[in-house]
Amino acid sequence: MPDRTNLPFIEIRSSSIQGLGVFAAIDIQKATRIIEYMGERISPDEADTRYDDDAGSCTHVLLFIVDEDTVIDGGIGGNEAKYVNHSCQPNCEAVIDSGRVYIESLREIPAGEEITFDYRLERAGEYEPEWEERYACKCGSRRCRGTMLAESPARETEITGD
Ligand SMILES: [Zn+2]
């Protein structure tokens, strides 16, 4: 076995899902912390202000909600983790540990496979109907639910009773 401890887990190249993607550079074992999701740490209010006027763009996918007080903006000071694409049938999950976010493998990932996790996008602010189209999912997996959003607004309304 070659010594792989100094090799990077990932490489960045163009993806069939969308734009650039992150790919396994070597065979990655299950439950491996592949990369930390880095970026500027801001409040949810600041995140809303920052990305409220982005008509038609998809910049919201750069935001990762850590908890009710903290959002990581991968668009500022972010690393390669911001290129990890969404999939409804992902091979990784985002794990929050002591306020930090790591992309961790759910299973063994062979070299060359694209790294993905389920974005489950949500935002504290008001729901905007155009999100459905803006964050439509094209991941191509057999279990694709058609959206990168976490919850459908109909379901949320049921829960809150509004
Ligand atoms: Zn999908």
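Look above for the structure.
Residues numbered from 1 in each chain as written. Predicted model: local features only at pLDDT ≥ 70, side-chain atom pairs only at ≥ 80, totals over all residues. Heavy atoms only, no water.

Participant: Any chance you could explain the overall build of the protein chain here in plain terms?
Facilitator: Check the secondary structure of the protein chain and you find three helices and 10 strands. Helices and strands in the protein chain line up, N terminus first, as β-β-β-β-α-β-β-β-β-β-β-α-α. Across the 162 residues that make up the protein chain, the buried fraction comes to 38%. Relative to all contacts within the protein chain whose residues are 6 or more apart in sequence, the contacts with residues 24 or more apart total 69%. For the protein chain, the accessible area works out to roughly 9,500 Å², and carbon and sulfur atoms hold 48% of it. (Helix = DSSP H or I, 4+ residues; strand = E, 2+ residues; numbered from the N terminus. Buried < 20%, exposed > 50% of the residue type's maximum accessible area, 1.4 Å probe, protein only. Contact = heavy atoms within 4.5 Å. Areas by Shrake-Rupley, 256 points an atom, 1.4 Å probe, with all protein chains shown as cover.)

Participant: Teacher, can you tell me more about the coordination of the zinc ion here?
Facilitator: Each donor-metal-donor angle would ideally measure 109.5 degrees in four-coordinate tetrahedral geometry, or 90 or 180 degrees in six-coordinate octahedral geometry. Coordination of the zinc ion by the protein involves C88 (SG), C137 (SG), C139 (SG) and C144 (SG), with metal-donor separations of 2.2 to 2.4 Å. Along the chain, the residues that donate to the zinc ion are spaced as C-x48-C-x1-C-x4-C. (Donors = N, O, S within 2.8 Å, 3.2 Å for Na, K, Ca; no water.)

Participant: Quick question: what am I supposed to make of the pairing of strand β5 (residues 63-67) here?
Facilitator: Along any regular strand, the residues point their side chains to alternate faces of the sheet. By the bridge criterion, four bridges tie β5 to strand β6 (residues 70-73) in an arrangement that is antiparallel. Paired with F64 across the bridge in β6 is I72. As consecutive antiparallel partners, β5 and β6 are separated by two residues. (Pairing = 2+ DSSP bridges.)

Participant: How do you make sense of the pattern of salt bridges when you look at a structure like this?
Facilitator: Opposite charge on two side chains permits them to pair, given that their charged atoms come into close proximity. This model, assessed by the stated rule, comprises 10 salt bridges. Note that R100 is salt-bridged to E36, the shortest N-O span being 2.8 Å. Of the two residues, R100 is situated in strand β9 (residues 100-105) and E36 in strand β3 (residues 33-36); the sequence distance between them amounts to 64 residues. Overall, the relative accessible area of 41% leaves R100 in the partly exposed class. Here the salt bridges share partners, and the residues they tie into one network are E40, E46, R50 and D73. (Salt bridge = Lys/Arg side-chain N within 4 Å of Asp/Glu carboxyl O.)

Participant: Got a minute to help me understand the pairing of strand β2 (residues 20-24) in this structure?
Facilitator: Burial runs high along β2: four of the five residues are buried. When strand β1 (residues 10-14) meets β2, the two strands line up antiparallel, connected through five bridges. From the neighbouring strand, I12 faces β2, where its bridge partner is V22. Where β1 hands over to β2, the hairpin turn is made up of five residues, of which G19 adopts a positive phi near 50°.

Participant: Help me out: how do you make sense of the sheet that holds strand β8 (residues 92-97) in this one?
Facilitator: Either a parallel or an antiparallel arrangement is found when strands of a sheet pair, and the pairing is made through backbone hydrogen bonds. Spatial ordering of the open sheet is given by β3-β9-β8, a layout of three strands whose pairing is antiparallel. The open sheet has two edge strands with one neighbour each: β3 and β8. Neighbouring strand axes in the sheet, compared pairwise and without regard to direction, differ in orientation by 30° on average. Of the strand pairs in this sheet, β8 and β9 are connected by six bridges, and their pairing is antiparallel. Bridging across to β9, A94 finds its partner in I103. (Axes fitted to C-alpha atoms, helices over the stretch in contact; angles between N-to-C directions.)

Participant: What is the right way to look at the sheet that holds strand β4 (residues 40-42) in this model?
Facilitator: An order of β4-β6-β5 is seen for the three strands of this open sheet, with the pairing classed as antiparallel. Strands with a single pairing partner mark the edges of an open sheet, and in this sheet they are β4 and β5. Between one strand axis and the next, the sheet turns through 30° on average, direction left out of account.

Participant: Help me out: how do you make sense of the nonpolar core in this one?
Facilitator: The tendency in soluble globular proteins is for nonpolar side chains to be buried side by side. If you look at the biggest cluster of nonpolar residues, it comprises 29 residues, and the most contacted ones within it are I34 and I115. For this core, the elements supplying multiple residues, two or more each, are β2, β3, β5 and β9. A47, Y51, L63 and V71 belong to the second-largest nonpolar core, a separate cluster that totals five residues. (Core = buried A, V, L, I, M, F, W, Y, C linked by side-chain atoms within 4.5 Å.)

Just geometry here; none of it tells us what the structure is for.
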